[in-house]
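Chain residues, written in single-letter form:
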Amino acid sequence: MMQPVLSRRNALGVFGLAGLAATAGCGSSVGGGDNGGGSSSGGGGAIKVGLIVPQDGVYTPLGVDMKNAWDLYLDQHDGMLGGYEVETIVADEGEGPDTGVPAIQGLITRDNVDVLVGIVNSASALGSAEAIAAAKKVLVIANAGANAVTGDARNPYIWRASFNNAQAAFAMGEYLAGQQPEGGVYLMAPDYAAGQETFVAFKESYVGGGGTIAGEALTPFGTTQDFQPFLSAIPGSGAGATFVFYSGGEAVSFVQQYASLGLKDSVPLYGSGFLTEGSVLEAQGEAAVGIQTALHYSTEIENPANSEFVEAYQGAYDVLPTCFAVQTWDAALVLDLALAETEDLTGDSVSAALEGLGEISDSPRGPWSFDGQSPKHIEYLREVQEGDGGLINVVVEELGEYGQ
Amino acid sequence: MTEWFADNFVSILNGLAIGSLLFILAVGLSLVFGMMDVLNLGHGALYLIGAYVGYQFTGGVSSWSGFLTALAVAAVFGAVAGLILSVATQPLVGRGHLDQALLTLGVALVVAEVISIIFGDDVQNVVAPPGLNESIQVFGNTYPAYRLALIGVGAVLAIIVWLVIEKTSLGALIRASVSDREMVSAVGVDNRKVKAGVFAFGSMLAAVAGVLGGPVYGARTGLDETVLLLALVVIVIGGLGSVRGALIGALVIGQVESLGKALYPDFASFMLFGALALVLIVRPRGLFGSRVGAG
Amino acid sequence: MSVDPAPSTVDETAARTSGTATPTGSARRRVPLAGLIALAVLILLAAVPLFVAPFQTSMLARMLIFALLAVSLDLLVGITGLPSLGHAAYFGIGAYTAGLVAKYWTAAAPIPLIAAVVVAAFAAVATGWLAVRSHGVFFLMLTLAIGELIQQLAESWSGVTGGDNGLSGIPAVEVAGEPLSLVGYVYWYVLFFAVLGFTVIWAVSRSPFGAALRGIRDNEPRMRSLGYSPFRYKLAGFTLAGAIAGLAGGLFASQQFALVTPADLGFTTSALALLAVAVGGAGSLWGPAIGAAVVVLIRDVYGPDLDGHGTLVLGIVFIVAVYSLRNGLAGLTTTRFRRRGPPADAAPAPPRDNEATTPDPTTPDPTQATSAVPPTGGLPANRQEGHGVDQGSKGPGTDDPPRHADDPGERRS
């Protein structure tokens with residue numbers, strides 16, 4: 001009787017090698033070089049940009065928006081950024097860091113990109129921070145909002161053209177502190193980094209401004225489809241308003257259930273803008289009307305850059321843009337501005353050029369500038385109302401400028 | 001006491017609604033396993049098919065015709081899928097249960113991906129038909145009418161299934177197969193047909209549950225895994241192969257998911273699998289599993 | 001490989017339970033060949049960093065790590081007969097432990113790895129003590145529950161684990177005071193310990209302990225009657241499997257710029273490992289390593305090019321493999337030398353050839369399928385080795401939880 005012998009595993013282990021060899025370049029992993037090889041040489045030529053967006057899983061709709069905006073910008077600028085001709089390599093971030101981090105590393109080491117743009121999931125951003133620093137490539141984040149990315153865990157190569165989780169919550173906290181809802185505010189958010197950071201920021205401005213918290217609940221992240229058990233605590237808490245952070249599928253379920261459990265009319269709902277942004281608004285339908293949120297963007301912002309942007313985006317893709325699209329558009333914009341100032345494409349020069357940018361005046365979201373390595377921009381108070389083609393986020397007022 | 005009850009009334013009611021949905025979902029899984037020892041890990045994918053069928057035919061609009069059409073189509077799709085699965089696992093019968101279970105897992109992966117290719121990854125909404133699309137007052141609490149209807153549907157279905165299983169000859173055949181498959185085939189009944197029938201029936205229920213669950217859970221990628229895990233917990237707690245067990249298990253888990261989370265929100269994430277682990281350690285055969293044989 | 005005439009029943013039983021019997025001639029002929037192949041492949045693997053680009057080298061390191069996980073799962077599934085859907089929990093525990101040790105205490109090899117193995121083993125013994133009392137599908141569910149709970153713990157205990165953001169900033173492994181900075185060096189580090197892990201499992205599987213595990217897998221009541229304590233053996237097997245999974249996890253955390261997230265502990269990883277075992281061929285140990293390579297290849301290497309639908313290909317590959325590869329990829333090497341009769345062939349045959357006598361949980365003797373009772377209610381349909389040996393029909397007093405409602409507890413299949 002044959003004992004399974006280790007040998008044959010090894011023999012067929014060659015299959016794995018063969019598969020790799022097929023995809024491999026030849027090259028050495030120990031001689032001389034470390035991760036990544038040279039990038040394309042600098043000075044008015046070509047640049048390889050790695051665009052990392054979700055193309056599979058729950059974040060795909062965001063990925064679609066982001067890629068659309070990127071393509072649109074290049075389209076409108078003859079495929080050039082700052083005088084360099086752009087070659088875009090798209091990689092799929094997937095749903096989480098277990099797919100996102102390898103994808104980013106692939107872009108760096110296998111595809112030898114010069115610059116990285118994108119990333120929805122903060123965990124992927126944090127997880128690749130070291131690799132990016134070691135490779136000295138600039139990353140311009142087009143979504144991932146964890147405070148630490150440009151805070152505690154920052155390095156000179158990671159820049160952000162999107163937002164950080166605290167901003168919208170902090171802005172809303174200040175606003176509600178001014179509104180003084182009777183009975184205080186009830187807080188809800190999913191139990192992960194973004195939700196937790198939202199809580200902290202909101203409390204900082206709201207409680208700091210004299211408000212009271214009627215109650216709070218952090219719901220299990222990603223696994224909660226039914227919010228009823230948590231929502232049923234709200235009437236009993238006596239809260240005069242609810243503030244939440246939810247996005248994507250959870251936002252849809254939450255808003256619908258908030259309405260169907262009768263809370264919509266009795267306890268006004270406020271949120272970070274993601275609650276009613278993009279395709280979720282469509283799915284929420286009637287249940288979303290009247291919700292007020294704070295965000296750094298709305299399609300209804302009145303400035304020339306935004307009107308042009310919205311029109312172009314709609315013309316090209318037949319849907320309204322979202323904040324995710326604007327964030328990526330702005331990433332392209334800042335790269336365009338920065339690359340025009342650099343002599344070469346090394347991470348250090350690009351980073352220095354980004355630092356040298358002053359106010360970004362041409363952005364659809366309004367004027368903004370870098371505070372550290374993350375945007376300091378205007379937060380808008382928006383309200384969901386019926387528009388011409390469907391539901392839109394109408395700008396009620398500007399809440400002010402917020403940095404990190 | 002009554003005050004506690006009043007405070008938590010909505011949660012308890014919700015637990016019944018979720019429980020009803022889970023029963024419809026899980027009873028097929030339990031029967032198939034009880035009869036054929038096949039753990040159909042594709043059960044969640046069947047639910048997903050139903051959910052997207054529901055989305056496709058209602059299109060985010062409240063309509064009875066859309067909803068009923070969706071139910072009918074889902075039932076057909078589900079039954080057919082069940083037959084296919086039954087046929088697909090047949091060649092593996094001699095090879096053991098792990099292989100059959102893993103086959104269904106492979107099928108589940110493929111189905112979920114195909115759905116994501118066809119429908120995209122957006123989160124979709126299924127609207128309840130008119131009349132049920134609103135909230136009504138129950139003892140001073142606002143509650144969605146649709147979920148109340150769901151409780152009703154679940155109850156009716158439970159009665160029907162019970163009648164069939166307990167009172168008809170088909171039901172006797174099913175019970176006999178659960179007990180002793182060889183004996184049944186020795187008596188001259190073609191096991192494969194019974195298996196196909198049960199598979200088709202169970203899968204049909206799963207797909208129908210997908211449509212019925214639309215207004216509660218919507219249609220989105222990843223729902224199949226969530227739902228599968230819920231169903232597995234239900235049938236293990238209730239006892240494999242037992243319809244009664246599926247009902248009680250579903251009601252229990254429905255309450256765990258609603259009342260449990262409302263009472264202990266800090267432990268909400270741990271409750272489902274904590275309950276499963278507890279039952280498996282203390283009473284592995286579940287509440288209504290076989291009486292015979294030591295655990 | 002020749003097909004020797006069937007040895008006598010008694011010899012065979014003894015052979016099977018000791019797990020080492022081979023028709024004598026072939027054994028000696030085969031072993032040197034096997035050894036040579038092993039050596040050749042090892043040299044090839046070791047030479048990789050000299051010729052292969054960094055990205056591919058790091059992918060290969062990932063394959064090795066996942067292969068180690070799959071093989072440790074095979075120890076549990078294929079050899080001990082305990083199908084687990086929660087094995088990734090020990091992998092994750094090992095990864096977090098190694099990461100935390102490296103980050104906050106010392107990155108000097110092999111301390112993080114040792115810590116990983118110890119903590120994972122401890123977790124395995126603590127949870128296994130509860131889990132191995134069940135059988136079959138109950139065991140499967142219980143391991144699933146345990147795995148999910150541990151994953152949830154990793155997500156909630158964010159102060160320690162970093163929660164959903166994961167544990168990052170893990171310093172590079174230090175060998176003799178020097179951090180390993182090049183991908184190739186890290187690869188060699190991983191290769192060394194992965195081979196070590198494989199060897200341990202292989203040695204265990206060939207040892208009397210491994211034979212006892214197989215015996216328990218195939219016929220627990222009989223083993224008990226022979227004086228073995230199934231519980232202790234199964235627990236030991238479970239712990240060892242968990243410890244090796246922890247080793248794999250520790251290696252995972254030793255990669256460059258490693259990130260450990262709760263997803264690494266979860267159901268998806270466990271399911272993928274189980275898939276790897278099934279595709280590779282449960283019980284063969286080396287098959288699952290190949291299966292793991294296939295899974296990583298499809299998901300991480302080719303996946304991004306498939307528009308993110310790598311899982312679809314994986315599912316299809318898997319379905320194909322389940323149908324056409326009866327023993328997984330490992331079966332490929334044996335099917336050529338064996339003529340399988342049609343299933344349900346009436347002859348209660350002595351082993352049709354000697355390959356078939358390898359207790360292989362995925363290929364029960366079809367002649368036994370409808371007549372005998374699987375001795376343990378395990379999900380891998382256990383080999384019916386009944387050649388005149390009492391197969392331990394499920395008589396009264398068996399301690400398998402019956403799988404069916406209203407099961408009279410007597411003969412059934």
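Residues numbered from 1 in each chain as written. Chains lettered and ligands numbered in written order. Predicted model: local features only at pLDDT ≥ 70, side-chain atom pairs only at ≥ 80, totals over all residues. Heavy atoms only, no water.

Visitor: Run through the overall build of chain B, naming residues and quoting values.
Guide: Per the secondary structure count, chain B includes 13 helices and two strands. Taking 19 Å as the expected radius of gyration for a compact globule of 295 residues, we find that chain B reaches 19 Å, a close match to that expectation. Counting only C-alpha atoms, chain B reaches 60 × 45 × 35 Å along its principal axes. The buried share among the 295 residues of chain B stands at 61%. Per element, the accessible surface of chain B, about 10,600 Å² overall, is 69% carbon and sulfur. Positive and negative side-chain charges of chain B, numbering 14 and 16 respectively, have mean locations separated by a distance of 12 Å. (Helix = DSSP H or I, 4+ residues; strand = E, 2+ residues; numbered from the N terminus. Rg over C-alpha atoms; globule rule 2.2 N^0.38 Å. Buried < 20%, exposed > 50% of the residue type's maximum accessible area, 1.4 Å probe, protein only. Areas by Shrake-Rupley, 256 points an atom, 1.4 Å probe, with all protein chains shown as cover. Lys, Arg positive; Asp, Glu negative; His and termini not counted. Charge placed at Lys NZ, Arg CZ, Asp CG, Glu CD.)

Visitor: Tell me about the overall build of chain C, and name the residues and values.
Guide: On a plain count of helices and strands, chain C comes out with 16 helices and three strands. Out of the 413 residues in chain C, the part that is buried amounts to 65%. Restricting the contact set of chain C to residue pairs at least 6 apart, pairs at least 24 apart contribute 73%. Counting only carbon and sulfur atoms, one obtains 68% of the accessible surface of chain C, whose full area is about 14,100 Å². (Contact = heavy atoms within 4.5 Å.)

Visitor: Break down the pairing of strand 5 (residues 138–141) of chain A for me, with residues and values.
Guide: All names here are of chain A. The two faces of strand 5 match: Val-138 and Val-140 on one face and Leu-139 and Ile-141 on the other face are all buried. Summarising the sheet, strand 4 (residues 115–118) and strand 5 pair through four bridges and their orientation is parallel. Paired with Val-117 across the strands is Val-140, a residue of strand 5. Handedness of the β-α-β unit built from strand 4, helix 4 (residues 122–135) and strand 5 comes out right-handed. Relative to strand 6 (residues 158–160), strand 5 runs parallel, the two being bridged by three bridges. Counted as the bridge partner of Ile-141 is Arg-160 from strand 6. (Pairing = 2+ DSSP bridges. Right-handed = clockwise from strand over helix to strand, strands pointing away.)

Visitor: Which residues make up the nonpolar core, and what are the values?
Guide: The biggest cluster of nonpolar side chains holds 189 residues, and the ones touching the most others in it are Tyr-47 and Leu-212 of chain B together with Phe-66 and Leu-251 of chain C. One finds Ile-119, Leu-126, Ala-129 and Phe-202 of chain A within the second-largest nonpolar core, a separate group that totals 101 residues. (Core = buried A, V, L, I, M, F, W, Y, C linked by side-chain atoms within 4.5 Å.)

Visitor: Outline the environment of Leu-48 of chain B, listing residues and values.
Guide: Residue and element names in this part refer to chain B. Looking at where Leu-48 falls in the secondary structure, it is placed in helix 3 (residues 43–58). Take Leu-48: its relative accessible area is 2%, and that puts it in the buried class. Taking C-alpha positions, Leu-48 is 9.7 Å from Gly-218, a pair spaced 170 residues apart along the chain. If sequence neighbours within four positions are ignored, Leu-48 has contacts with Ala-112, Ile-115, Arg-220, Leu-223 and Asp-224.

Visitor: Kindly report on the sheet that holds strand 6 of chain A, identifying the contributing residues and their values.
Guide: Residue and element names in this part refer to chain A. What the six strands build is an open sheet, ordered 2-3-1-4-5-6; its pairing is mixed. Looking at strand neighbours, the two that pair on one side only are strand 2 (80–81) and strand 6, the edges of this open sheet. Here strand 1 (residues 46–53) runs beside strand 3 (residues 84–92); their pairing, made up of eight bridges, is parallel. Across the sheet, the residue bridging to Ala-46 is Glu-85, located in strand 3.

Visitor: Tell me about a nonpolar patch on the surface, residues and numbers included.
Guide: On the surface, a cluster of nonpolar side chains totalling about 690 Å² of accessible area is made up of Met-1, Trp-4, Phe-5, Leu-263, Tyr-264 and Phe-267 of chain B. Classification of Met-1 of chain B by relative accessible area gives exposed; the value is 77%. (Patch = residues over 30% accessible without salt bridge, like charges linked within 9 Å, V, L, I, M, F, W, Y side chains within 5 Å. Salt bridge = Lys/Arg side-chain N within 4 Å of Asp/Glu carboxyl O.)

Visitor: Quick rundown of unusual backbone geometry? Include the residues and the values.
Guide: All names here are of chain A. The residue Asn-112 is not glycine, and still its phi comes out positive at about 55°. Even without glycine at this site, Lys-136 takes up a positive phi of about 55°. Tracing the chain through its elements places Lys-136 in the loop between helix 4 and strand 5.

Visitor: Tell me about the packing of helix 2 (residues 60–76) of chain A against helix 12 (residues 304–317) of chain A, and please be specific about residues and values.
Guide: Residue and element names in this part refer to chain A. Packing of helix 2 against helix 12 leaves a shortest axis separation of 11 Å and a crossing angle of 105°. The angle between the axes of helix 2 and helix 12 places the two elements in the roughly perpendicular class. Note on element contacts: helix 12 touches helix 2 through Phe-309, Ala-312, Tyr-313, Ala-316 and Tyr-317, opposite Asp-65, Asn-68, Ala-69, Asp-71, Leu-72 and Gln-76. (Axes fitted to C-alpha atoms, helices over the stretch in contact; angles between N-to-C directions. Parallel < 35°, antiparallel > 145°, perpendicular 65-115°, else oblique.)

Visitor: Any chance you could break down the side chain of Ser-270 of chain C for me, citing the residues and the numbers?
Guide: Mapped onto the fold, Ser-270 of chain C is located in helix 12 (residues 267–280). Beyond its immediate sequence surroundings of up to four residues, Ser-270 of chain C is in contact with Leu-85, Gly-86, His-87 and Ala-88 of chain C.

Visitor: Please set out the confidence of the model for chain B residue by residue, giving values where relevant.
Guide: In low-pLDDT regions, the fine details of the predicted coordinates are not to be read closely. Looking at chain B as a whole, the pLDDT averages 85, with 98% of positions reaching at least 70. Under a pLDDT of 50 for its full length, residues 291–295 of chain B has, in the predicted model, 15 contacts with residues more than four places off or in other chains. (pLDDT = per-residue confidence, 0-100.)

Visitor: Lay out the pattern of salt bridges in plain terms, naming residues and giving numbers.
Guide: Residues and elements named next belong to chain A. Within this structure, the stated rule accounts for 10 salt bridges over all chains. The partner of Arg-110 in a salt bridge is Asp-111, and the shortest N-O contact between them spans 3.7 Å. Here Asp-330 makes a salt bridge to Arg-365, at a shortest N to O gap of 2.7 Å. Of this pair, Asp-330 sits in helix 13 (residues 323–339) while Arg-365 sits in the loop between helix 14 (347–356) and strand 12 (369–371), and the two are 35 residues apart along the sequence. Here Asp-330 and Arg-365 have matching classes, each one buried.

Visitor: I'd like to hear about helix 5 (residues 165–179) of chain A, residue by residue, with values.
Guide: Residue and element names in this part refer to chain A. If you check helix 5, its first and last C-alpha atoms are 22 Å apart, about what 15 residues at 1.5 Å a residue would give, namely 21 Å. Most of helix 5 is tucked away: 11 of the 15 residues are buried. Listing the buried residues of helix 5 in full gives Asn-165, Ala-166, Gln-167, Ala-168, Ala-169, Ala-171, Met-172, Gly-173, Tyr-175, Leu-176 and Ala-177. Gln-180 lies just past helix 5 and shows a positive phi near 50°. (Expected span 1.5 Å × (residues − 1).)

Visitor: Which residues make up the pairing of strand 7 (residues 185–190) of chain A, and what values go with them?
Guide: Residues and elements named next belong to chain A. Across the six residues of strand 7, six count as buried, placing the element largely inside the fold. Judged from the four bridges that link them, strand 7 and strand 9 (residues 241–244) form a sheet pairing that is parallel. Considered in strand 9, the bridge of Leu-187 is made with Phe-243. Crossover strand 7 to strand 8 (residues 213–219) through helix 6 (residues 193–208) is right-handed.

Visitor: Break down the environment of Thr-104 of chain B for me, citing the residues and quoting the values.
Guide: Residue and element names in this part refer to chain B. Among the structural elements, Thr-104 can be located in helix 5 (residues 97–119). Judged by relative accessible area, which is 0%, Thr-104 ranks as buried. For Thr-104 and Tyr-52, which are 52 residues apart along the polypeptide, the C-alpha to C-alpha distance reads 20 Å. Leave out the neighbours within four places in its chain, and Thr-104 touches Leu-39, Asn-40, Leu-41, Gly-42, Leu-85 and Thr-89.

Visitor: Explain the side chain of Asp-224 of chain B to me, and be specific about the residues and the numbers.
Guide: Turning to its location among the elements, Asp-224 of chain B is positioned in helix 11 (residues 223–238). Ignoring sequence-local partners within four residues, the contact set of Asp-224 of chain B consists of Gly-44, Ala-45, Leu-48 and Ala-112 of chain B.

Visitor: Tell me about the packing of aromatic side chains, residues and numbers included.
Guide: In total, this model carries 30 aromatic pairs over all chains according to the counting rule given. Seen in terms of ring centroids, Phe-202 of chain A and Tyr-206 of chain A are 5.1 Å apart; in terms of plane orientation they differ by 20°. Their pairing is stacked. Taken together, the residues span about one helical turn, with Phe-202 of chain A and Tyr-206 of chain A both in helix 6 at a distance of four residues. Note on Phe-91 of chain C and Phe-252 of chain C: the rings are 5.4 Å apart at their centroids and 55° apart in plane angle, and the pair reads as tilted. Pair noted here: Phe-91 of chain C is in helix 4 (residues 88–104) and Phe-252 of chain C is in helix 11 (residues 230–254), with a separation of 161 residues, a long-range link. By the ring-pair criterion, three or more aromatic residues cluster together here, those being Tyr-73, Phe-309, Tyr-313, Tyr-317 and Trp-329 of chain A. Taking NZ or CZ as reference, Arg-365 of chain A lies 4.8 Å from the ring centre of Trp-368 of chain A, over its face. Above the ring of Trp-129 of chain C, the side-chain terminus of Arg-133 of chain C is found at 4.3 Å from the ring centroid. (Phe/Tyr/Trp six-rings, centres within 6.5 Å; stacked < 30°, edge-to-face > 60°. Lys NZ or Arg CZ within 6 Å of the ring centre and 35° of its normal.)

Visitor: Tell me what's going on with the environment of Cys-323 of chain A, and back it up with residues and numbers.
Guide: Residues and elements named next belong to chain A. Locating Cys-323 in the fold gives a position in helix 13. Counting along the chain gives 261 residues from Cys-323 to Leu-62, while the straight-line C-alpha distance between them is 9.3 Å. Beyond its immediate chain neighbours, meaning those up to four positions away, Cys-323 contacts Phe-274, Glu-277, Leu-295, His-296 and Tyr-297.

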